[in-house]
Amino acid sequence: MKNKRALIPIIIGAFLFIIYAASKTKKIVNAVFKDQKDYIKKMLPLALAVERATGIPHLFLLAQSAFETGWGKSSLVPEAFNFGGIKAKPGQDYVTKYTWEHVSDPNKYPTRDKSKDKVLPEGKTAIYLPQNFAKFPDLQTGFDQYKNTLLKPRYSGAFQYKNDPYKFAAEIRAAGYATDVNYTAKLAKMIDAVKKYI
């Protein structure tokens, strides 16, 4: 009987801790990012957890998600919790946003804003067009789906560089994550920026 009584404070303590942890998670899930430092502070725990579980470098995760969302300021965050610029699949909830793409034949994209076409020296054209981006119910789900996108077989080559976020970024770009011809260089600069806050 005494042993059972002794367990009561432990059980109550565990219950209170679960409530406390849930409240903290809720604050993160509904976070609004004030600035770059705040973005890193709130997203670092998620990025570290993903790194431990998958090997994806946390510096890469923070840098790419910061780049894709403008440090969490993009409307894709409050409207869709989309941290990787992930396009919607058929039948999936989505939000439509204009975005830049670098393409070989702009005429294949009739919905683009032709007045914004920019010819690039690499033989491609930067076009501005509406795209359907995947919409997720909360931050945790959105970040999980971002992680799952990076775990697709097409990006498997990047995992030989789990200890080098710069090379990891280069491999992700080479595998076709983005059409931007300067994507690798832009992510490298963002990795440098992220490092200042960690």
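Anything mentioned here points back to the structure above.
Residues numbered from 1 in each chain as written. Predicted model: local features only at pLDDT ≥ 70, side-chain atom pairs only at ≥ 80, totals over all residues. Heavy atoms only, no water.

Caption draft 1: Structural detail: the overall build of the protein. A count of helical and extended segments in the protein gives seven helices and three strands. Seen in sequence order, the protein has helices and strands lined up from the N terminus as α-α-α-α-β-β-β-α-α-α. The contacts in the protein between residues at least 6 apart in sequence include a share of 64% that link residues at least 24 apart. Carbon together with sulfur atoms contributes 57% to the accessible area of the protein, which is approximately 11,700 Å² in total. (Helix = DSSP H or I, 4+ residues; strand = E, 2+ residues; numbered from the N terminus. Contact = heavy atoms within 4.5 Å. Areas by Shrake-Rupley, 256 points an atom, 1.4 Å probe, with all protein chains shown as cover.)

Caption draft 2: Seen up close, the environment of Phe 143. By the element assignment, Phe 143 lies in helix α5 (residues 139–150). Its relative accessible area of 1% is what places Phe 143 among the buried residues. Each C-alpha atom, one on Phe 143 and one on Ala 47, is 8.8 Å from the other, the two residues being 96 residues apart in sequence. With sequence-adjacent residues up to four places away left out, Phe 143 is seen in contact with Met 43, Leu 46, Ala 47, Val 50, Leu 61, Ser 65 and Phe 83. (Buried < 20%, exposed > 50% of the residue type's maximum accessible area, 1.4 Å probe, protein only.)

Caption draft 3: Structural context of helix α2 (residues 36–54). Its 19 residues place the ends of α2 25 Å apart at the C-alpha level, agreeing with the 27 Å of an ideal helix rising 1.5 Å per residue. At Met 43, α2 shows its strongest bend, of approximately 45°, with the proline Pro 45 following within four residues. Every buried residue of α2 is accounted for by Asp 38, Tyr 39, Ile 40, Met 43, Leu 46, Ala 47, Val 50 and Thr 54. Next to the buried residues of α2 lie α3 (58–69), α5 and α7 (183–195). For α2, the N-terminal cap is Asp 35; the gap from its side-chain oxygen to the backbone nitrogen of Lys 37 is 3.3 Å. Where α2 ends, the next residue or the one after it, Gly 55, has phi of about 95°, a positive value. (Expected span 1.5 Å × (residues − 1). Bend = angle between axes of the 7 residues up to and from the residue. Polar contact = N/O pair within 3.5 Å; in protein donor to acceptor, adjacent residues only side chain to side chain.)

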